[in-house]
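One-letter residues, chain by chain:
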Amino acid sequence: MAGHASILEDGSPLSRLDRGLARIEWGMALVSGLGAFALMCLAVVSVTGRNLFNEPLRGYVDWIEAAMPFIAIFGISYVQRAGGHIRMDIVVGALKGRALWAAEFITTFLVLLLMVLLVWGTWAHFDRSFDFSKPNWSRDSSIDIGLPIWPAKLVVPVAFSVICLRLVLQLWGYGRAIIFGLREPVAVPLVMSAAEQALAEADQVQGHDT
C-alpha cells in the first residue's frame, strides 16, 4: 500500500545531500504538475474551439502524448523520497530495528538494480530517436502535427537517473542505520502510523490558522 512518511534531517553530509537532491525533485514534481495543468488548459481550448468554431485544437492528441512522460514519470523520485510509492508492508511493517533496516536495504538495492537497467534501456530508446542531422534533431515524429518525439523519450532516462541517485542516498541511510543501530535514521522515509499522520496534519492545519 502507499504510505505516509516523514524525513528526518540533521547536519550530516548525507542529510545535506538529501536536501539538495530534494530541491531538484521538488522542481521536477512542479514541472509534472504544470504539465497536467497545461493539458487541462489545452482540453478547454480544444472543446471550446470544437463547440464554438467547429475547429478543435489541431494536434491535441499529439500534445497529450508528448506531455504524458512529464506527468507520469518526472515526479517519481519526489514520491520515492516521501515514501509514497505502492508497497506491501505486511512483513516489513512487523520488523523493528536492524531487521527492518536490513529489509529496507535489500529491497531498495533490488529496486536500484532495476532502475539502472531501465536507465540503460530508455537511454538506448531515446538515442534511436535523436539525430543532429535530421530535421528537429529527430528520426521520428508524431502522426498528426509532426512533433519530434525525442524530448518525451529523454524525460524517462533523466527521471530514472534522478531516482537512482535517490536510491543510493537511501541505501546510505539504511546502511548507517544497520551499522550504528539507529532508531530513526536521516534521509530515509520513516513510515508514519495513522495516529502520527493525523497529528501531523492537525499541526499543519493549526499552523495555517495561526
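Please refer to the structure placed before this passage.
Below or above, wherever it landed, is the structure these notes cover.

Basis of the calculations
Residues numbered from 1 in each chain as written. Predicted model: local features only at pLDDT ≥ 70, side-chain atom pairs only at ≥ 80, totals over all residues. Heavy atoms only, no water. Helix = DSSP H or I, 4+ residues; strand = E, 2+ residues; numbered from the N terminus. Buried < 20%, exposed > 50% of the residue type's maximum accessible area, 1.4 Å probe, protein only. Contact = heavy atoms within 4.5 Å. Areas by Shrake-Rupley, 256 points an atom, 1.4 Å probe, with all protein chains shown as cover. Core = buried A, V, L, I, M, F, W, Y, C linked by side-chain atoms within 4.5 Å. Salt bridge = Lys/Arg side-chain N within 4 Å of Asp/Glu carboxyl O. Axes fitted to C-alpha atoms, helices over the stretch in contact; angles between N-to-C directions. Parallel < 35°, antiparallel > 145°, perpendicular 65-115°, else oblique. Left-handed = near helix turned anticlockwise from the far one by under 90°. Nonpolar A, V, L, I, M, F, W, Y, C, P; charged D, E, K, R; others polar.

Points about the overall build of the protein
Item 1. Check the secondary structure of the protein and you find six helices and two strands.
Item 2. Listing every helix and strand of the protein by position from the N terminus yields β-α-α-α-α-α-β-α.
Item 3. The buried share among the 210 residues of the protein stands at 34%.
Item 4. Put simply, 73% of the contacts in the protein that link residues at least 6 apart link residues at least 24 apart.
Item 5. When the accessible surface of the protein is split by element, carbon and sulfur atoms take 69% of a total near 12900 Å².

Some remarks on the nonpolar core
Soluble globular proteins tend to pack their nonpolar side chains together in the buried interior.
Item 1. Residues Ile73, Met115 and Phe160 are the most contacted members of the largest nonpolar core, which totals 21 residues.
Item 2. Of all the secondary-structure elements, those providing two or more residues to this core are α1 (13-53), α4 (97-129) and α5 (150-180).
Item 3. Among the elements that line this core, the one with the most residues is α5, at ten residues.
Item 4. Those residues within four positions of Phe160 in sequence are excluded, and the remaining contacts are Ile73, Ile76, Met115, Leu118, Val119 and Thr122.
Item 5. Grouped together as the second largest cluster of nonpolar side chains are seven residues, Val92, Leu100, Tyr174 and Val188 included.

Points about the pattern of salt bridges
Item 1. The full count for this structure, using the stated rule, is six salt bridges.
Item 2. Notably, a salt bridge pairs Asp18 with Arg166, separated by 2.6 Å at the nearest N-O pair. One end of the pair, Asp18, is in helix α1; the other, Arg166, is in helix α5, with 148 residues separating them in the sequence. The same class applies to Asp18 as to Arg166, namely buried.
Item 3. Residue Lys153 pairs with Asp140 through a salt bridge whose shortest N-O separation is 2.9 Å. Here the residue Lys153 occupies a position in helix α5, and Asp140 occupies one in the loop between α4 and α5, the gap between them amounting to 13 residues.
Item 4. Taken together, the salt bridges that share partners define one network made up of Glu9, Asp18, Glu25, Arg81 and Arg166.

A closer look at the side chain of Arg166
Item 1. Arg166 sits in the buried class, given a relative accessible area of 0%.
Item 2. Excluding residues within four positions of it along the chain, Arg166 makes contact with Asp18, Leu21, Ala22, Glu25, Ser77, Gln80, Arg81 and Ala187.

Focus on the packing of α4 against α5
Item 1. Two elements in contact, α4 and α5, have axes separated by 8 Å at closest approach and are oriented at 160°. Regarding the angle of α4 to α5, the classification is roughly antiparallel. α5 is crossed by α4, and the crossing has left-handed handedness.
Item 2. Of the residues assigned to the contact of α4 with α5, the class counts are 27 nonpolar, seven polar and three charged.

Regarding unusual backbone geometry
Item 1. Phi at Trp137 takes a positive value of approximately 60°, unusual for a residue other than glycine.
Item 2. Relative to the assigned elements, Trp137 resides in the loop between α4 and α5.
Item 3. Although it is not a glycine, Ala187 sits at a positive phi angle of roughly 70°.
Item 4. When its relative accessible area of 2% is taken as the criterion, Ala187 is described as buried.

Everything listed is a geometric property; what it means functionally is a separate question.
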